[in-house]
Amino acid sequence: MPLNRRALLGGTLPLLGGTLPLLGGTLALLTASTARAAAPLRVVASSVPHAEILTYVQDTLAPDLPLRIIEISGDIRPNRLVLDGDADANFFQHVPYLRSEEAELGVRFAVTASVHVEPLGLYSRRVRSFADLPKGATVALSNNVTNFSRGLKLLQENGLIRLRPGGDGTFATAGDIAENPKSFSFVEVAPPHLPRSLDDVALAVINGNYALESGLDPAKDSLGLERAEGNPYANVLVTTQGLAQDARIQTLSSLLQSAEVAGFIRERYRGAVIPVRGA
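Residues numbered from 1 in each chain as written. Predicted model: local features only at pLDDT ≥ 70, side-chain atom pairs only at ≥ 80, totals over all residues. Heavy atoms only, no water.

Draft legend 1. Structural context of the overall build of the protein chain. A count of helices and strands for the protein chain gives nine helices and 13 strands. For the protein chain, contacts bridging at least 24 residues in sequence account for 76% of all contacts bridging at least 6. Counting every atom, the protein chain has about 14000 Å² of accessible surface; 54% of that belongs to carbon and sulfur. (Helix = DSSP H or I, 4+ residues; strand = E, 2+ residues; numbered from the N terminus. Contact = heavy atoms within 4.5 Å. Areas by Shrake-Rupley, 256 points an atom, 1.4 Å probe, with all protein chains shown as cover.)

Draft legend 2. Up close: the pairing of strand β10 (residues 203–206). Of the two faces of β10, the one carrying Leu203 and Val205 and the one carrying Ala204 and Ile206 are both buried. The pairing of strand β5 (residues 121–123) with β10 spans three bridges and is antiparallel. Across the sheet, the residue bridging to Tyr123 is Ala204, located in β10. Inspection of the sheet shows strand β6 (residues 138–142) paired to β10 by two bridges, in the parallel sense. What sits directly across from Val139, in β10, is Leu203. (Buried < 20%, exposed > 50% of the residue type's maximum accessible area, 1.4 Å probe, protein only. Pairing = 2+ DSSP bridges.)

Draft legend 3. Structural detail: helix α9 (residues 259–269). Among the residues of α9, those classed as buried are Val261, Ala262, Phe264, Ile265 and Tyr269. Seen from one end, α9 has its buried residues packed into an arc of 160 degrees, which puts them on one side. If you follow the buried residues of α9, they end up packed against α2 (47–61), β4 (110–117), α6 (208–213), α8 (247–256) and β13 (274–275). (Arc of directions from axis to C-beta.)

Draft legend 4. Spotlight on the pattern of salt bridges. Overall, the coordinates contain twelve salt bridges when judged by the stated rule. The residue Glu101 makes a salt bridge to Arg77 at a minimum N-O spacing of 2.7 Å. With Glu101 in helix α4 (residues 95–105) and Arg77 in the loop between β2 (67–72) and α3 (78–83), the pair connects residues that are 24 residues apart, well separated along the chain. For Arg248, the salt bridge goes to Asp246, with nearest N and O atoms at 3.0 Å. Of the residues examined, Arg248 reaches a relative accessible area of 5% and is grouped as buried. For Asp246, a relative accessible area of 7% translates into the label buried. (Salt bridge = Lys/Arg side-chain N within 4 Å of Asp/Glu carboxyl O.)

Draft legend 5. A look at the nonpolar core. One finds Val43, Phe91, Leu252 and Leu256 to be the most contacted residues of the largest nonpolar core, which totals 28 residues. Looking at this core, the elements that each hand over two or more residues are β1 (41–46), α2, β3 (89–94), β4, α8 and α9. Core analysis: the next-biggest nonpolar cluster, separate from the first, contains 21 residues, Val127, Phe130, Leu141 and Ile177 among them. (Core = buried A, V, L, I, M, F, W, Y, C linked by side-chain atoms within 4.5 Å.)

Now the structure itself:
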């Protein structure tokens, strides 16, 4: 049947009626996107060195970048804060730890920048060399899976234990220890509390950021320190998949991987923290 003018107009009006809500929805999305771009980017970070690096970026490199740095300490879980929408991103962790958190939380986050390595170190207030460690000494390690494994590997690298073949993979456990010549006993401690454990144990394996926060100088005070070369434990900027392409995230990611930030890290931390760029 041929279409007449009335039929055409009759068919057009419902189409226009359907278009207006669509345009309204598009405008709402654009308005929300603009508002988000102007809102402060909420980044959860441990105080040293992460918050210090972010402060350098904010004060020196990008004073116009809307950035709200939320310093945390203790046992707060920054990945949960990002997942729940209480923060937009976090900067405190390495990828192996992130993957274990993702498995527990049932989510996949987005890594948008790889920034620096905080070498794990072996510290003691009781001895000045590994040779002075007595038989049966107590060694404190992190109570999270990835850093416990990382600590075992560092003990092996310094000749204190030997892991069974294959036990030096991503997640080594106490059950992977094949040789323990000095019969060390191992205790697990929450990472932020490891520096305080030095009063109670002969040796502690301490994360670089918590060593710095407690006043230890990893480059000077440790008996053994992780190497930077080939180290898989670079600290990263993490956000949700939905925010990965956000302009604020992209700008911050680019700045964190810049030559300027690498220079700041080298000058301020003198080997206690090592930038990925040029490491």
